[in-house]
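A look at the structure
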Amino acid sequence: MIEVKNLYKNFEDLEVLKGISTTIHPSDVVCVIGPSGSGKSTFLRCLNLLEKPTSGQIIFAGNDLTDKKTNLNLHRQKMGMVFQQFHLFPHMTVLENLIAAPVMVKKIPKEEAIAKAMELLKRVGLDDRAEAYPEQLSGGQKQRVAIVRALCMEPDVMLFDEPTSALDPEMVGEVLDVMKELAKAGMTMVVVTHEMGFAREVSNRVMFMDEGVIMEEGTPEEVFGNPQCERLKSFLSKVL
Amino acid sequence: MKEFFQSCSQFFEDWGQQLYNTFIEDERYMWLVRGLGNTLIITLGALLIGVVLGTIIAVTKYFSEDRRALRFLGKLCDIYVTTVRGIPVVVLLIIFYFIVFASYDNGVVVATITFGINSAAYMAELIRGGINSVDPGQMEAGRSLGMTKLQATRKVIFPQAIKNILPAIGNEMIALLKETAVAGYVAVEDLTRAGNLIRNNTYDAFNPLIAVALVYLVLVIILTKLMGKLERRMRKNDRSKKSV
C-alpha cells in the first residue's frame, strides 16, 4: 500500500533519515520504535509529505507522492494522521472539527457528514461531547476526537505520531483501546510509539529505528523476544 | 468678594458669548457636523481599504513563502509595505492629491484612498503576525486532512489569527481615526479643519479646538468600547457552554 524507497531527509546540515526502504501492506499494523532523535517522527511525517523528503520516493496506491505533479491533497485524504499534540481546531466544536474536512474537501453533504461523525463519536464514547470545544476536553478525549477526525475522511491508512506521549498516564489506555479497535477492524496503521506493550500486543511488525536508519525489523516476537543488534538490545533493556 | 463675583459673572457672560460665536452664529456647528461626517467617511473608507488590501497583501506574502511562482508577488508586497511605512502619511497625502490625482479634486476621495493605502501596510504586517502566531500544527492538521493551503488558511488559520490580533486592529483603527486629522492639508474639510476654520472666523481658539479634541476623544472611547465588546464575544465563542 505504501512503498518507501531509499528515503533521505536532511534538515540543513543534519541528516535525519539516511536511506529508508520499506513496504507497508494493507491491514499492516506497523509500530516504529527507537530512541528520541532517531528519525521516527520524521519518517512518519514524510509518508504524507508533511515533511518533504530530500530524496527517495514514497509510492502510495501506485502514485509517487514525491513527484511534483502528484495531487498531494487528494492522497492525503486517504492518509489519516494523528498528532502527539492533537492539533484539534480550537475555534470549532468537536462536531465542527469532525465535519470540516469532509464537507470542505470531499464535498459531502453536511447532514451526511454529521451522521457519519456522530456514529464514529459514539464508537469512541464521546457522542455526548459533540457540542463541546476542544479546551473543555481532557487529553484522552481530545486524542480520541483527533482519531475520529481522521477517520471521518475514511482513510485507507492511519499514521500515528506518538499519540499517547502527551497524555497523562491514566488517559493512555482509553486512546490505545480505540487504536486496538481500529487495528482489529483491519485498518492499516503506522504507529510511532513508546508504548512497547501496545507494539507487542497489537502490531504485526515492529520497526526499530536509530540514527536515521531501520536497524531491525520483524514481528513483535522477533524484535522483542530475540533482538539481534546491540543497539536494539540496549534500547529494550532501558524501556522494558 | 463682590469684585470676585463680578469678575466671575463677567467671565461666564463672555464665555457664553464666545460659545455663541463659535457654535451658533452663522450655524457654525454645522461646520463641525460636516467635518465630523467627512472624518468618519474617510476613516471608515480607509479602514475598509486597509483591511481588504492588508489581508490580500498578508495572504500573498504568506503563500509566496513556499511557492516559487508567487515569489515575485511577495517581493512586490514587501516593497509596498516598506515604501508606505517609510513615508509620513502627510507626505503621502499631498503626493496623492497634487501629483497622482492632480486632475481629480475631490479631496475626501483622495484622502480616503491615501489613508487606506497607508493603513493597508500596517494591517498587512499585523495580519501576517497574526497568521504566524497560530501554532504550525494547526496548518499541518488541516493539510493532513487533505485541505489545500488556501482552505486550511481560510477555515483553520484565519479565524484564530483574527482573534489574536483583534486588540492590535483596534489600535490601528484608533490611530487611523486620529491620523485623518491631517486631511486638512489638501483642503478637505474634516473635523480638525472645521475647528480651525471657526477659529479663523471668530478669533477664538479655545472653544473650537477644545470641542474638536473632545469629539475625537469621544469617538475613540466609543471605538475602544466596541472593540472590547467584540473581543469578549469572540473569546466567549471558544468557551461557551463551559462544561460542569
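Residues numbered from 1 in each chain as written. Chains lettered and ligands numbered in written order. Predicted model: local features only at pLDDT ≥ 70, side-chain atom pairs only at ≥ 80, totals over all residues. Heavy atoms only, no water.

1. Some points on the overall build of chain A
Condition: We count a stretch as a helix when DSSP gives it H or I for four or more residues in a row; a strand needs E for two or more, and each element gets its number in order from the N terminus. Atoms counted for the radius of gyration: C-alpha only. Globule rule: 2.2 Å times the number of residues to the power 0.38. Buried, partly exposed and exposed residues are distinguished by accessible area as a fraction of the type maximum, computed with a 1.4 Å probe on protein chains only: under 20%, between the cut-offs, and over 50%, respectively. In this analysis, two residues are considered to be in contact whenever any of their non-hydrogen atoms come within 4.5 Å of each other. Values of accessible area rely on a 1.4 Å probe in the Shrake-Rupley scheme; residue burial ignores everything except the protein chains shown. Only four residue types enter the tally: Lys and Arg on the positive side, Asp and Glu on the negative side; His and the chain ends are excluded. Charged side chains are reduced to one point each, which is NZ for Lys, CZ for Arg, CG for Asp and CD for Glu.
Per the secondary structure count, chain A includes nine helices and ten strands. Against the globule reference of 18 Å for 240 residues, chain A gives a C-alpha radius of gyration of 18 Å, in line with a compact fold. Dimensions along the principal axes, computed over C-alpha positions, put chain A at roughly 55 × 45 × 30 Å. Here chain A holds 240 residues, and the buried ones make up 57% of them. Once local pairs closer than 6 in sequence are excluded, the contacts in chain A between residues at least 24 apart make up 65%. Split by element, the accessible area of chain A, about 10200 Å² in all, is 47% carbon and sulfur. Charge-centre separation for chain A: the mean point of 27 positive side chains lies 3 Å from the mean point of 34 negative side chains.

2. Re the side chain of N38 of chain B
All names here are of chain B. For N38, the location among the structural elements is in helix 2 (residues 29-64). N38 sits in the buried class, given a relative accessible area of 18%. Residue contacts for N38: discarding those within four places in its chain leaves V108, E189 and D190.

3. Digging into the sheet that holds strand 10 (residues 213-218) of chain A
All names here are of chain A. Note the threshold: DSSP bridges decide pairing: two strands pair if at least two such bridges lie between them. Axis definition: a line fitted to C-alpha atoms, over the contacting stretch in the case of helices. Angles run 0 to 180 degrees between N-to-C directions.
Spatially, six strands are ordered 6-7-8-3-9-10 in an open sheet, and the strand pairing comes out mixed. With one partner strand each, in any of the chains shown, strand 6 (79-82) and strand 10 form the two edges of the open sheet. In this sheet, neighbouring strand axes are inclined to one another by 15° on average, regardless of whether the strands run parallel or antiparallel. With five bridges joining them, strand 9 (residues 205-210) and strand 10 adopt antiparallel strand pairing. Counterpart to M209 in the pairing with strand 10 is I214. Lying on the sheet, helix 5 (residues 139-151) is in contact with strand 6 and strand 7 (157-161); it crosses strand 6 at an angle near 170°. On top of the sheet, helix 9 (residues 230-239) reaches strand 3 (29-33), strand 9 and strand 10; it is set at about 100° to strand 9, its chief contact.

4. A look at the packing of helix 5 (residues 107-133) of chain B against helix 7 (residues 149-179) of chain B
All names here are of chain B. Convention followed: Each angle receives one of four descriptions, namely roughly parallel if under 35 degrees, roughly antiparallel if over 145, roughly perpendicular if within 65 to 115, and oblique otherwise. Here a crossing is taken to be left-handed if its near helix is turned anticlockwise relative to the far helix by less than a right angle, and right-handed if that turn runs clockwise. Polarity classes work like this: nonpolar for Ala, Val, Leu, Ile, Met, Phe, Trp, Tyr, Cys and Pro, charged for Asp, Glu, Lys and Arg, and polar for all others, with Gly in that last group.
Close contact between helix 5 and helix 7 brings their axes to 8 Å; oriented N to C, the two are set at 150°. The pairing of helix 5 with helix 7 is recorded here as roughly antiparallel in orientation. In this structure, helix 5 meets helix 7 at a crossing whose hand is right-handed. Contacts between helix 5 and helix 7 involve F115, N118, S119, Y122, M123, L126, I127, G130, I131 and S133 on the former and, on the latter, I157, F158, A161, N164, I165, A168, I169, E172, L176 and E179. Considered class by class, the residues forming the contact of helix 5 with helix 7 number 13 nonpolar, five polar and two charged.

5. Things to note about the packing of aromatic side chains
Any aromatic ring pair is given by two values, namely how distant the centres are and how the planes are angled relative to each other. Residue and element names in this part refer to chain A. This is how the line gets drawn: Stacked, tilted and edge-to-face pairs are distinguished by plane angle, under 30 degrees for stacked and over 60 for edge-to-face with tilted covering the rest, among Phe, Tyr and Trp rings (Trp via its six-membered ring) whose centres lie within 6.5 Å.
Under the counting rule described, the total for this entry stands at seven aromatic pairs over all chains. Pairing F208 with F235 gives two aromatic rings, centres 5.3 Å apart and planes at 40°, and the pair type is tilted. With F208 in strand 9 and F235 in helix 9, the pair connects residues that are 27 residues apart, well separated along the chain. A relative accessible area of 0% places F208 in the buried class.

6. Here we look at the pairing of strand 6 of chain A
Residues and elements named next belong to chain A. Of the two faces of strand 6, the one lined by M79 and M81 and the one lined by G80 and V82 are each fully buried. Where strand 6 meets strand 7, four bridges bridge the pair, whose relative direction is parallel. Directly across from V82, in strand 7, lies its bridge partner F160.

7. Topic: a positive patch on the surface
Quick reminder of the rule: Patches in this entry comprise residues that are over 30% relatively accessible and not in a salt bridge; like charges within 9 Å are linked, as are nonpolar side chains (Val, Leu, Ile, Met, Phe, Trp, Tyr) within 5 Å. When a carboxyl oxygen of Asp or Glu lies within 4 Å of a side-chain nitrogen of Lys or Arg, that pair is called a salt bridge.
Together, K52 and K68 of chain A together with R68, R71 and K75 of chain B line one region of the surface with positive charge. Turning to its location among the elements, K68 of chain A is positioned in the loop between strand 5 (63-64) and helix 2 (72-76). Here K68 of chain A falls in the exposed class, since its relative accessible area comes to 75%.

8. Thoughts on the pairing of strand 9 of chain A
In the case of a regular strand, side chains alternate between the two sheet surfaces. Residue and element names in this part refer to chain A. Among the six residues that make up strand 9, six are buried, leaving the element largely enclosed by the rest of the structure. Where burial is concerned, the two faces of strand 9 agree: the one with R205, M207 and M209 and the one with V206, F208 and D210 are both buried. Sheet topology note: the strand 3/strand 9 ladder contains four bridges and is parallel. What sits directly across from I33, in strand 9, is F208. Joining the antiparallel neighbours strand 9 and strand 10 is a turn of two residues, in which E211 adopts a positive phi near 50°.

9. Quick look at the sheet that holds strand 1 (residues 2-11) of chain A
Residues and elements named next belong to chain A. Ordered in space as 2-1-4-5, the four strands form an open sheet in which the pairing is antiparallel. Strands with a single pairing partner mark the edges of an open sheet, and in this sheet they are strand 2 (14-24) and strand 5. Contacting strand 1, strand 2 and strand 4 (55-60), helix 1 (residues 40-47) crosses the sheet at an angle of about 120° to strand 1.

10. Structural notes on the confidence of the model for chain B
The test is simple: Confidence scores per residue from the predictor, reported as pLDDT, run from 0 to 100.
Of the residues in chain B, 96% reach a pLDDT of 70 or more, and the chain-wide mean stands at 90. Of all secondary-structure elements in chain B, the lowest mean pLDDT belongs to helix 1 (residues 2-24) of chain B, at 85, while helix 6 (residues 136-144) of chain B reaches the highest, 96.

11. Observations regarding the nonpolar core
The condition is simple: Among buried residues, those of type Ala, Val, Leu, Ile, Met, Phe, Trp, Tyr and Cys that are joined through side-chain atoms within 4.5 Å constitute a nonpolar core.
If you look at the biggest cluster of nonpolar residues, it comprises 79 residues, and the most contacted ones within it are I2, F43 and L47 of chain A together with F115 and M147 of chain B. Element by element, the count of residues in this core is highest for helix 7 of chain B, at twelve residues. Excluding its chain neighbours within four sequence positions, the residues that come into contact with F43 of chain A are V4, L7, L17, I20, T22, V32, M207 and M209 of chain A. Core analysis: the next-biggest nonpolar cluster, separate from the first, contains 53 residues, V82, V145, L167 and M196 of chain A among them.

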